[in-house]
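Chain residues, written in single-letter form:
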Amino acid sequence: MSWIKAFISGFLATLIFHQGLFGLFYLAGVVPSGPFNLSPVPPLGVPAVVSLAFFGGLWGILLWALLGRLKTLAFWSLMIILGAIGPTVVAMLVVFPLKGMEVSAQSWFGGLILNGFWGLGVAVFLTLLGARRTRTTNGNLL
């Protein structure tokens, strides 16, 4: 059941942390469009922000699987670092080119900041939901 909590953590971190910071970037004039894009996206026609949050949930599962049992300092720092790097690399090298979007130094830098903040959000929600993987005294994962 922890993987469900990990998905929820990634989903919520996208809506609250990622889109919240994106909104601040928009208000500061750093990005041209606002957060919570409700435009339908193929193939299902769901709002873009829901699609983004869904993939945030999948990334949340991956981060939980890789980092969920680490000690406190390593857990928090690596959630931010891997949260920044993984989704940004995929976005810039796969998603943006497929969508015909320009990849620039600004989009890389902004992506790293947004996704690092998203990684922090995943860590927060994993902790709040009790999804941190722990080892028992015999070494088995809970």
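Visitor: A description of the overall build of the chain should follow, citing residues and the corresponding values.
Guide: Across its full length, the chain holds 4 helices and 2 strands. Taking 2.2 N^0.38 as the reference for a compact globule, 142 residues should give roughly 14 Å; the C-alpha atoms of the chain span a radius of gyration of 16 Å, in line with that estimate. Referenced to the eigenvectors of the C-alpha coordinate spread, the extents of the chain come out at roughly 50 × 30 × 25 Å. Within the span of the chain, comprising 142 residues, buried residues form 34% of the whole. Long-range contacts, defined as pairs at least 24 residues apart, comprise 67% of the intrachain contacts of the chain with a sequence gap of at least 6. If you sum the accessible surface of the chain, you get close to 8200 Å²; carbon and sulfur atoms cover 74% of it.

Visitor: Would you mind going over helix α1 (residues 2-27) in detail, with residue names and values included?
Guide: If you check α1, its first and last C-alpha atoms are 36 Å apart, about what 26 residues at 1.5 Å a residue would give, namely 38 Å. The largest bend along α1 reaches roughly 35° and is located at A13. Among all positions of α1, only A6, S9, G10, A13, T14, F17, H18, Q19, L21, F22, G23 and F25 are buried. Structurally, α1 contributes buried residues whose contacts are with α2 (48-67) and α4 (105-128). G29 sits one or two positions beyond α1 and adopts a positive phi of about 80°.

Visitor: Can you lay out the nonpolar core for me, pointing to particular residues and giving the numbers?
Guide: Core analysis: the largest hydrophobic core is formed by 14 residues, its most contacted members being A13, L63, F75, M79, W118, V122 and L126. Elements represented by at least two residues in this core include exactly α1, α2, α3 (72-98) and α4. The element contributing the most residues to this core is α4, with 5 residues. Sequence-distant contacts of W118, defined by excluding residues within four places in its chain, comprise G10, A13, T14, F17, H18, G56, W59, G60, L63, G83 and P87.

Visitor: How would you explain α4 if you had to name every residue and give the values?
Guide: When the terminal C-alpha atoms of α4 are compared, their 35 Å separation across 24 residues agrees well with the 34 Å that a helix rising 1.5 Å per residue should span. Following α4 by one or two positions, G130 has its phi on the positive side, about 70°.

Visitor: An account of unusual backbone geometry is needed here, citing residue identities and associated values.
Guide: Here the bond from P42 into P43 is cis, since omega is 5°, no more than 30 degrees from zero. Relative to the elements of secondary structure, P43 occurs in the loop between β1 (40-41) and β2 (46-47).

Visitor: Requested: an account of the side chain of T88, with residues and values cited.
Guide: With respect to the secondary-structure elements, T88 resides in helix α3. For T88, a relative accessible area of 0% puts it in the buried group.

Reading the values: the criteria
Residues numbered from 1 in each chain as written. Predicted model: local features only at pLDDT ≥ 70, side-chain atom pairs only at ≥ 80, totals over all residues. Heavy atoms only, no water. Helix = DSSP H or I, 4+ residues; strand = E, 2+ residues; numbered from the N terminus. Rg over C-alpha atoms; globule rule 2.2 N^0.38 Å. Buried < 20%, exposed > 50% of the residue type's maximum accessible area, 1.4 Å probe, protein only. Contact = heavy atoms within 4.5 Å. Areas by Shrake-Rupley, 256 points an atom, 1.4 Å probe, with all protein chains shown as cover. Expected span 1.5 Å × (residues − 1). Bend = angle between axes of the 7 residues up to and from the residue. Core = buried A, V, L, I, M, F, W, Y, C linked by side-chain atoms within 4.5 Å.

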